[in-house]
Every structure is written in structure tokens, then in C-alpha cells.
Amino acid sequence: MVKQLHTKKDILNILSVIRDPEIPVVTIEEMGMLRDVLVKDNVVEVILTPTYTGCPAMGIIEHDIKMMLDIAGIADAKVTLVYDPAWTTDWMSDVAKEKLKNYGIAPPLHSSCNHEVFSTNIIECPHCQSKNTAMISRFGSTACKSLFQCNDCKEPFEYFKCH
Amino acid sequence: MTEQQALYKYCLRLGDNALIQSYRLSEWCSNAPILEEDLALTNFALDMTGRAQALLSYAGKLDGNNKTDDDLAYKRGERDFYNLLITEQPNGGFAHTIARLLYTSTFEYFFYTELLHSADATLAAIAAKTIKEIKYHKAHATDWVLRLGDGTEESHYRMQQGIDSLWMFTGEMFETGEADALLRDKNIAVDLGAVKSKWQASIAAVLAEATLALPKDEYMQTGSLQGVHTEYLGHILTEMQYLQRAYPEAIW
Ligand SMILES: [Zn+2]
């Protein structure tokens, strides 16, 4: 006899602990990457959206999801990547942004600042809150970040680009 | 050709452009003139690998033979690749690579801006994702063309060389085939005529500001729409597909 063992809520609960492998202070839920969970005839499908198209963390996240569900006794879960609608940093929760800042990464501004390619936005230093900062490199250790330096406390820091 | 076959070919072309460009840009890893540039070019390569993955996965679904993005990247022969010839050309010097990036990223910027309105929801969604990244590629290439073009005598010379020698590969970007015509009717494919005039105006403006001469239209290279390539693609695939050919179905 087959019975409904896990509800969507149970599964979201299980998945809520999975962290972003590249920024381990935030979870995939807080990042806005976990879009939905579908439970049908006891088959679980997790809907994920990638942050950046080439984000190498996606494979690890998919693996983590399957592993967590497997431990909880849910075998053969399916992870589906959806591109529509496209992820934006606006989906990142305020909690996540605060965590990023405490971790030393300046959180993204609102995505309406997408013209930041031309670097006119003021990015606050996550260490001393100074607004007197300068971009060192548009590109950093991962596709989603650029490198800045604070002119007051002199510390370098990463900025999570709005997207 | 059915609509599905046309869409399959369309996705392969876009996916192959991203994949092969990514391969070339990756060759700059640890070889760029400065560390920041190493980061920038490899970041772009990563964006393009991601774009290729999205497009080839979609192509695999359309094909109906359960092909994955990896199958399409690693198990296809040279004649079945549809990437533009410009993407497979060797990197040359830094200015040469920047000239190519200016041509391709400007093209992709206008192309994917149009693709946002595609009647195909998946293509439109991939465009929405990728356009944000292309903006960075275009801004970066433009910055360097201005800096090198309007720089020293030597940098100006090298930049002009890059701009001139790759010009003959730019005509291909606006070529259309049977698949384009079929998909244009369904509002799925982009109107390349509209992209062409925007591309020309944008390139002319950047080159003028960089004190570089706009090359004259002479013979334009062609072939990739039929899967006919320069000798370089074969060499790329030899290396890229080596593992899957030597150890079929190897996984890690
Ligand atoms: Zn500071």
C-alpha cells in the first residue's frame, strides 16, 4: 500500500538546511534558488533555478538535495532546473543579505541598478560601513562577485553583483 | 524540415557559439597580461559554458533521443557543429582576442536583447539570464578597445591588426538558413537584419572613439551554417572530446 509519506512542507523543511557551497553562511532557500517542491504519487520533484548560468555550485547543490532526501528516506527524487523566470538578486531575502554582509561580502543593490556595469553605484564597505570605496576588478573569485577596496579601513572586500 | 528540427539546429548554433568561445577564452587562464584580466576572461568563459549547457540541454530535449548536453558537446563530429568560424579562430595576442570579443559580444548583446521577445518561452528565459552576463562582456571588450586603440603607437597597431584580421569572419553572424526562415515565421528566431544594422552602428562608434579605422567589406568567410569549418575546430574537438572518445561513457 502506498501512502503519502512526505508533504511539500516536510520536504521544504528538510531542504531548508542546504547551504550555498560557495557562500556557506546562506541557504539555497534564502538565496531564492529553491523555487518549488512538487509531490505527486510519492515522487518528489524539486524545482531549482540557477543564479548564474555557469554557476559550478549547481551540481553540488543538486547532489546535496538528493543526498538530504535520501537520508530522509525519499529515494529517486528529481531535481529540475528551470530558467524561467530568470533568477534575480532581488529574490535574495533580507536575512540572506544581512548574513552576506556579516560574512564580509557587500550585498547586492536592487537589480534596477543593473547599469552598475559602468560602476557608478556606491557600494558600502561591509567591514566599517564607509561609503568611500572603489572597485578594483569587475570580476572576482566567482562569477557573481566583483572586487572592491575600502578607502577608509583599507580592507579589500567582495561585492555580490546585482543581477 | 519541421519546426522542431529547425529549433534543434537553432539551439545547437547558439549553444556551439557559446561552447567554442568558452573554450578559446579558457586558454587565457594563467596566460592573461594581468591577474584581473585572467579573472575576467575566465569568468566570461564560465558564463559561456553555462549558456552552452542551457542551450544544449534544451536541444537534447528537442531531439527526442534523450541526448544530454554532454552527449551533444562530446559526441558530435566536427561537421555537426554550427558555431560561427570567428569563435574557433586561435586567440592570437591579447588585442586579437579583445577584437573578437568586441565583435561577438556586441552581436550577442543585440541578438539576445531581441531573443527576450521570442515566442519560445525557454529561449526567452535563457536570453533573460544570459543578457545580464553579455552586458559585462560587451562593456569589458569596449573598454579595452578604447584603451588599446587610443593608447600607445604599439597598442594602437595591435588593436587595428586584430580588428582588421577578424573582419572577414563577421559577415557570417548575419547569415540565415532554412531554420531561421521557418522560425522567423513563428516569431521564435531573431530578425538578424535588425541586429545587423545595430551591430554595424555600434562597432563603427566604438572604433571611431578608439581612433581605429573601420575595415572595408571585402570577401566574407562562410560555411559554419552548413557545418563547414576552418581547420581549427577539429583541433579544438580533438582535445575537448578526447576523454569521451578514449573512455566512452566515463563519468566522475
Ligand atoms: Zn571599510
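This section reports on the structure supplied with the text. (Residues numbered from 1 in each chain as written. Chains lettered and ligands numbered in written order. Predicted model: local features only at pLDDT ≥ 70, side-chain atom pairs only at ≥ 80, totals over all residues. Heavy atoms only, no water.)

## So, the overall build of chain B
On a plain count of helices and strands, chain B comes out with 11 helices and zero strands. Tracing chain B from N to C terminus, the helices and strands come up as α-α-α-α-α-α-α-α-α-α-α. The C-alpha radius of gyration computed for chain B amounts to 18 Å, which stays within 12% of the reference 18 Å derived for 252 residues, consistent with globular compactness. Considered along the principal axes of its C-alpha atoms, chain B spans approximately 55 × 45 × 35 Å. (Helix = DSSP H or I, 4+ residues; strand = E, 2+ residues; numbered from the N terminus. Rg over C-alpha atoms; globule rule 2.2 N^0.38 Å.)

## Regarding empty space enclosed by the protein
Residues and elements named next belong to chain B. Taken as a whole and assessed by the stated rule, the structure comprises five cavities of 30 Å³ or more. For the largest cavity, the calculated volume is near 120 Å³. Taken together, Tyr 10, Arg 13, Leu 14, Asn 17, Leu 84, Phe 107, Phe 111, Met 173, Glu 175, Asp 180, Leu 192 and Leu 225 form the lining of the largest cavity. Within the residue set of the lining of the largest cavity, elements represented by two or more residues are helix H1 (3–26) and helix H5 (94–115). Considering every element that reaches the lining of the largest cavity, the biggest residue donor is H1, with four residues. Here the residues of the lining of the largest cavity sort into eight nonpolar, one polar and three charged. One number sums up the size of the second largest cavity: a volume of about 60 Å³. (1 Å grid on protein atoms, 1.4 Å probe; cavity = no way out; pocket = protein on both sides within 12 Å on 5 of 7 lines; lining within 4 Å. Points joined across faces, edges and corners; volume = space filled by probe spheres on them. Nonpolar A, V, L, I, M, F, W, Y, C, P; charged D, E, K, R; others polar.)

## A word on the interface of chain B and chain A
Counting residues at the interface gives 23 residues for chain B, matched by 25 residues for chain A. Taking both partners together, chain B and chain A bury about 2,100 Å²; carbon and sulfur atoms supply 62% of that area. Our count for the chain B to chain A interface comes out at one salt bridge. Between Asp 143 of chain B and Arg 138 of chain A there is a salt bridge whose closest N-O contact spans 2.7 Å. Taken together, the connections running from chain B to chain A amount to five residue pairs in polar contact (both at pLDDT 80 or more). Of all elements in the fold, only helix H2 (35–63) and helix H6 (121–149) of chain B reach the threshold of two or more residues within the side of chain B that touches chain A. Split into classes, the residues belonging to the side of chain B that touches chain A amount to 11 nonpolar, four polar and eight charged. (Contact = heavy atoms within 4.5 Å. Buried area = accessible area lost by both parts, 1.4 Å probe. Salt bridge = Lys/Arg side-chain N within 4 Å of Asp/Glu carboxyl O. Polar contact = N/O pair within 3.5 Å; in protein donor to acceptor, adjacent residues only side chain to side chain.)

## So, the packing of aromatic side chains
Counted according to the given criterion, the structure contains 16 aromatic pairs over all chains. Taking the centre distance of 5.6 Å and the plane angle of 35 degrees together, the rings of Phe 107 of chain B and Phe 111 of chain B count as tilted. Here Phe 107 of chain B pairs with Phe 111 of chain B, and both are found in helix H5, just four residues apart, close to one helical turn. Just as Phe 107 of chain B is buried, Phe 111 of chain B falls in that class too. Ring pairs connect the aromatic residues Tyr 10, Tyr 103, Phe 107, Phe 111, Tyr 112, Trp 167, Phe 174 and Trp 199 of chain B, which therefore count as one cluster. A cation sits over an aromatic face here: Lys 161 of chain A above Tyr 136 of chain B, 4.4 Å from the ring centre. Against the face of Phe 81 of chain B rests Arg 76 of chain B, its NZ or CZ located 4.0 Å from the ring centre. (Phe/Tyr/Trp six-rings, centres within 6.5 Å; stacked < 30°, edge-to-face > 60°. Buried < 20%, exposed > 50% of the residue type's maximum accessible area, 1.4 Å probe, protein only. Lys NZ or Arg CZ within 6 Å of the ring centre and 35° of its normal.)

## What to know about the pattern of salt bridges
Pairing between side chains of opposite charge can happen when their charged atoms approach one another. Applying the stated criterion to the full structure yields 17 salt bridges over all chains. A salt bridge links Glu 124 of chain A to Lys 101 of chain A; its shortest N-O distance comes to 3.6 Å. Highlighted residues: Glu 124 of chain A in the loop between strand E6 (105–106) and strand E7 (133–137) and Lys 101 of chain A in helix H3 (residues 94–103), separated in sequence by 23 residues. For Lys 101 of chain A, a relative accessible area of 22% corresponds to the partly exposed category. A salt bridge links Glu 114 of chain B to Lys 198 of chain B, with the shortest nitrogen-to-oxygen separation between them at 3.2 Å. Here the residue Glu 114 of chain B occupies a position in helix H5, and Lys 198 of chain B occupies one in helix H9 (residues 192–209), the gap between them amounting to 84 residues.

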